[in-house]
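Residue strings, one per chain:
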Amino acid sequence: MTSHPGLILLVEDDADLRAAFEFTLRRRGYKVVSTGCGLRAVELAVEHQPTLAVVDLLLPGQSGFQVSHALRERFGDNVRVLVMSGYTSSHHRDYAAASGAEAFLAKPFSEVALIDAVEALCPAPIKSQEPFETRRRVKIGA
């Protein structure tokens, strides 16, 4: 099973944050499929075969830990996982890594931090006209 380059599965239960993250990622050239439900996330991954999943930890249906584990179990290294959360203890980070996440992004984070974390795991499919770092910085998340 091969993933689709530049396709990101975004799993965030806060609709406003999900919309902001989608906007940021699409502006950078990524294709995005998204959901606010942990159970739906795995279904979307099977259907769309993303390159990267960006997953919040606290989700309805099943947790981000469970989503990460299910993605790793089902797709192996074909889908990379970036976990994001406001819960940033070493316990949460360690458990996220044990569940299959390759990176952890602590909320709140800047738009630049999101793009940097995503591009470290999944290079942008198209380059923008100006360097991302020169754009206006805003904080995303609680």
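Heads up: these notes are all about the structure in this document.

Rules used throughout
- Residues numbered from 1 in each chain as written.
- Predicted model: local features only at pLDDT ≥ 70, side-chain atom pairs only at ≥ 80, totals over all residues.
- Heavy atoms only, no water.
- Helix = DSSP H or I, 4+ residues; strand = E, 2+ residues; numbered from the N terminus.
- Polar contact = N/O pair within 3.5 Å; in protein donor to acceptor, adjacent residues only side chain to side chain.
- Salt bridge = Lys/Arg side-chain N within 4 Å of Asp/Glu carboxyl O.
- Buried < 20%, exposed > 50% of the residue type's maximum accessible area, 1.4 Å probe, protein only.
- Arc of directions from axis to C-beta.
- Axes fitted to C-alpha atoms, helices over the stretch in contact; angles between N-to-C directions.
- Parallel < 35°, antiparallel > 145°, perpendicular 65-115°, else oblique.
- Left-handed = near helix turned anticlockwise from the far one by under 90°.
- Contact = heavy atoms within 4.5 Å.
- Nonpolar A, V, L, I, M, F, W, Y, C, P; charged D, E, K, R; others polar.
- Core = buried A, V, L, I, M, F, W, Y, C linked by side-chain atoms within 4.5 Å.

## A few points about unusual backbone geometry
With an omega of -5°, the peptide bond running from lysine 107 to proline 108 counts as cis. Along the chain, proline 108 turns up in the loop between β5 (103-106) and β6 (109-110). Notably, glutamine 49 is not glycine yet its phi reads approximately 50°, a positive angle. Structurally, glutamine 49 can be placed in the loop between α2 (38-48) and β3 (50-56).

## Observations concerning the environment of glutamate 47
By the secondary structure assignment, glutamate 47 is in helix α2. Separated by 3.4 Å, the side chains of glutamate 47 and histidine 48 make a polar contact.

## What about the pattern of salt bridges?
Side chains that differ in charge, positive against negative, can pair when their charged atoms come close. Here the structure, examined in full by the defined rule, presents 10 salt bridges. A salt bridge links arginine 28 to glutamate 119, with the shortest nitrogen-to-oxygen separation between them at 2.6 Å. With arginine 28 in the loop between α1 (15-27) and β2 (31-35) and glutamate 119 in helix α5 (residues 111-121), this pair connects stretches of sequence that are 91 residues apart. Note on glutamate 119: relative accessible area 21%, which makes it partly exposed.

## What about α2?
When α2 is considered as a whole, its buried residues turn out to be Gly38, Ala41, Val42, Leu44 and Ala45. Taken around the axis of α2, the buried residues stretch over an arc of 160°, which confines them to a single face. In the segment just after α2, glutamine 49 is the residue with positive phi, at about 50°.

## Topic: the packing of α2 against helix α3 (residues 64-75)
Two elements in contact, α2 and α3, have axes whose closest approach is 10 Å; the angle formed by their N-to-C orientations is 20°. The orientation of α2 relative to α3 falls into the category roughly parallel. At the point where α2 passes α3, the crossing takes the right-handed sense. Here Gly38, Ala41, Val42, Ala45 and Val46 of α2 lie close against α3, whose contacting residues are Val67, Ala70, Leu71, Arg74 and Phe75. Residue composition of the contact of α2 with α3, by class: eight nonpolar, one polar and one charged.

## Examining the nonpolar core
Counting residues in hydrophobic clusters, the biggest one holds 21 residues, and the most contacted among them are Leu9, Val55, Leu71 and Val83. For this core, the elements supplying multiple residues, two or more each, are β1 (4-11), α2, β3, α3 and β4 (80-85). With four residues, α3 is the largest single contributor of residues to this core. If sequence neighbours within four positions are ignored, valine 55 has contacts with Val11, Gly64, Val67, Val81, Leu82, Val83 and Met84.

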